[in-house]
2 protein chains.
Amino acid sequence: MRRAFDERAREIGVTRPQWQVLSVLLRHEGIKQGGLAEILEVEPITAGRMIDRMQDAGLVERRADPADRRAWRLFLTPRGREMMERLQPLAIETSEAALKGVSEKDQEDLLRTLDTMLENLTGRPATTASWSE
Amino acid sequence: MRRAFDERAREIGVTRPQWQVLSVLLRHEGIKQGGLAEILEVEPITAGRMIDRMQDAGLVERRADPADRRAWRLFLTPRGREMMERLQPLAIETSEAALKGVSEKDQEDLLRTLDTMLENLTGRPATTASWSE
DNA sequence: GGTCAATACTAAGCAAGCCTACTAATCCTG
DNA sequence: CAGGATTAGTAGGCTTGCTTAGTATTGACC
């Protein structure tokens, strides 16, 4: 799915992980980098570097946290918001293409089994939100 | 699973993709780089770079193809073979840990559904061999 | 209030994935 | 057999993931 999405999104100039960042920011504007990293299940440095590039590309904005001078608060730029609108159809298209001919029940079973496996491996309870993540 | 395997394999000094290479070579010694790339579902350049590193580490060996001067034939070194023996238990351990509490039927359903999705996205018929891949 | 641990992030450096562009060799077709 | 298309692999350069090591700030405890 990463490959399929990237293929379609390349001309727009955004990768799947970057889309995930935009997607998280849309719902959690003002989040700190650490929080973003946790949601994406990556290390803070990975999120930080991604934000570096996306800031250069004008997709996100870092603002100083008024209460903690170590931290950054993350915000979408207008360009980032516009990008999301262009990517949304692609994301839906991709997951629909992948799930063609897969019954509702099979989809639920799949997510349930994968959650069990993730929990087995990480020790944390898994919280799969949707197909888009 | 990548993360869980890497965590255990780190001290041995091999990554999960490298283990996959060793695993393919064990069953297909003398394969060309392109063939390896195809089995791993990775671009030839990715496989080539991996072989570079593994050759430096003394795990695999490149031998000239007698029939085609463009191509390399790949072989395990004794060190690579020994590495496989140390990694086999880790691989089994990891997939058993992941699948704890997942019924046979759920495992089959999972693989079947994922195969369908892979086929949907790639157009190629999917051929999942086992949990180890 | 001073010290020390914890927290938020960055730096450097590596592996693995990709794309585009290249060389060298082989193969096919006239 | 010559020439062009295809195939096998490499080079450079990008993103994303990691680990280890560092800085700066905050917070907690005596």
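Visitor: For the domain arrangement of chain A, give the residues involved together with the corresponding values.
Guide: It is common to give the size of an interface as the accessible area lost on bringing the parts into contact. We note that the domain assignment places domain 1 (2–98) and domain 2 (102–133) within chain A. Placing the centre of domain 1 of chain A and that of domain 2 of chain A at their C-alpha centroids yields a distance of 23 Å.

Visitor: Residue-level account of unusual backbone geometry, with values.
Guide: Glycine aside, negative phi is the norm for most residues, and most peptide bonds take the trans geometry. Residues and elements named next belong to chain A. Phi angles above zero are rare outside glycine, and Glu41 is one such case at about 55 degrees. Of note, Glu41 is situated in the loop between α3 (33–40) and α4 (44–56). Taking relative accessible area as the criterion, Glu41 reaches 34% and is therefore assigned partly exposed.

Visitor: Requested: an account of helix α5 (residues 78–98) of chain A, with residues and values cited.
Guide: With 21 residues, α5(A) extends 31 Å between its outermost C-alpha atoms, agreeing within 8% with the 30 Å of an ideal straight helix rising 1.5 Å per residue. Along its length, α5(A) shows its largest kink, about 35 degrees, at Leu87(A), and proline Pro89(A) lies within four residues downstream of that point. Listing the buried residues of α5(A) in full gives Gly80(A), Met83(A), Met84(A), Leu87(A), Leu90(A), Ala91(A), Thr94(A), Ser95(A) and Ala98(A). Looking at the buried positions of α5(A), the neighbouring elements they touch are α1 (2–9), α2 (16–27) and β2 (68–76) of chain A together with α6 (104–122) of chain B.

How each quantity is defined
Residues numbered from 1 in each chain as written. Chains lettered and ligands numbered in written order. Predicted model: local features only at pLDDT ≥ 70, side-chain atom pairs only at ≥ 80, totals over all residues. Heavy atoms only, no water. Domains from an automatic or database assignment. Helix = DSSP H or I, 4+ residues; strand = E, 2+ residues; numbered from the N terminus. Buried < 20%, exposed > 50% of the residue type's maximum accessible area, 1.4 Å probe, protein only. Expected span 1.5 Å × (residues − 1). Bend = angle between axes of the 7 residues up to and from the residue. Contact = heavy atoms within 4.5 Å.

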